[in-house]
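Report on the structure
This is what each chain is made of:
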Amino acid sequence: PPVTYWMKATAGVLVILALARIVIEIQNVLILIVISLVLAIGFQPAVAWLERVGLKRGWAVTVIFFTGAVVIGAFLALILPVIIREISELVRKAPEYLRRAQQESELFQRLNERFDLSERLSSLGKELPTTALSLIRSFTTFLFNSLTVLILTLFFMAAMPRMRHGVAALLRVDHREDFESILEESTQRVGGYVMGNLTISLIAGAVSFVALLVIGVPYAAALAFWVALADLIPSVGATLGAIPAVLVAAFAGLPEFIATLIFFVVYQQVENYLIAPRVMRRAIDVSVATVIIAVLIGGSLAGFVGALLALPMAAIIKIAFRELYLEERLEEVGAPERYER
């Protein structure tokens, strides 16, 4: 090849490397954009319903925003002070719980001798002001990111028709029908997932709070809040939410530990086989194996947020793959009936 060929190839490689570096540098911003876009798509069915009722799109978005703001604000005003107080109290009393466990369990004695848990927890209690300052910084970052997501979500919700038509205008005429079909089904799937997942998480948090109060486990509000938050992650969220509650119950006493363990085992089965199927129904049409693989990949790439977004992204990819390749391929081989069976 001539020298100009190698110059173009080198320039192409450099451009790709530069774009990859840019993506790495702004990955946090890209994650916020993806979260906002998924949420905007997820709320499209609610916006469409309000439009059918008679509201204009701007007013429909405003109604959804103020409804969400009132619900979240009321929840935070009621529960956030309790959660902060209980977390601080839990950290402060952790050494006492450990000493009690040492006296009642040989296993804890051996673990303490090997890992010096008492000293570590005592140091943690002494460093509580520093820890609180770090928590405040983290909470400030969380508020900033949440505000960014909120603003972007509102913008995407209001501009979704224009964005939809703009993307369609960039496509060839014969591809626009596929794009409309993919977007329409994806909107329904993601919308069902977002609303269904929030409903399931609220149920998990409320039921766990009542159960922990009845059992007598300390810090029921903080633990139930974590259960609701972790339950947003499909498949493994319920287990992640139960672990801290079971550990705190173990420090409280053997009866509390057994009762808490039984409750979460039973509730997880009830959620998996009764609550989730009824709430989600046909929201996400993917197999169990796909759910597990998507959650693992999403968690590895972007932590909690990646695991949270993995399932709707997997559903969108499946819909796009089916519309753009699979159906056409099945028509070519002439075996759609066999595929459907």
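Scroll up to find the structure.
All of the points below concern the structure found in this document.

Rules behind the numbers
Residues numbered from 1 in each chain as written. Predicted model: local features only at pLDDT ≥ 70, side-chain atom pairs only at ≥ 80, totals over all residues. Heavy atoms only, no water. Helix = DSSP H or I, 4+ residues; strand = E, 2+ residues; numbered from the N terminus. Buried < 20%, exposed > 50% of the residue type's maximum accessible area, 1.4 Å probe, protein only. Areas by Shrake-Rupley, 256 points an atom, 1.4 Å probe, with all protein chains shown as cover. Axes fitted to C-alpha atoms, helices over the stretch in contact; angles between N-to-C directions. Parallel < 35°, antiparallel > 145°, perpendicular 65-115°, else oblique. Left-handed = near helix turned anticlockwise from the far one by under 90°. Contact = heavy atoms within 4.5 Å. Nonpolar A, V, L, I, M, F, W, Y, C, P; charged D, E, K, R; others polar. Salt bridge = Lys/Arg side-chain N within 4 Å of Asp/Glu carboxyl O.

Observations concerning the overall build of the protein chain
The number of helices and strands found in the protein chain is 13 helices and zero strands. Written out in order from the N terminus, the α and β elements of the protein chain read α-α-α-α-α-α-α-α-α-α-α-α-α. The proportion of buried residues among the 341 residues of the protein chain is 31%. A total of about 21,700 Å² of accessible surface is found on the protein chain, and carbon and sulfur atoms cover 70% of it.

Examining the packing of helix H9 (residues 220-230) against helix H10 (residues 237-252)
H10 packs onto H9 with a crossing angle of 165° between their chain directions and a minimal axis gap of 7 Å. In terms of their interaxial angle, H9 and H10 are classed as roughly antiparallel. With respect to the hand of their crossing, H9 and H10 are arranged in right-handed fashion. On H10, the residues touching Leu223, Trp226, Val227 and Ala230 of H9 are Gly237, Leu240, Gly241, Pro244, Ala245 and Val248. Looking at the contact of H9 with H10, its residues break down into eight nonpolar, two polar and no charged.

With respect to the pattern of salt bridges
Pairing between side chains of opposite charge can happen when their charged atoms approach one another. Scanning the model with the defined rule gives two salt bridges in all. Put simply, Arg57 and Glu51 hold a salt bridge, and the shortest N to O gap is 3.4 Å. Residue classification places Arg57 among the buried positions, given a relative accessible area of 15%.

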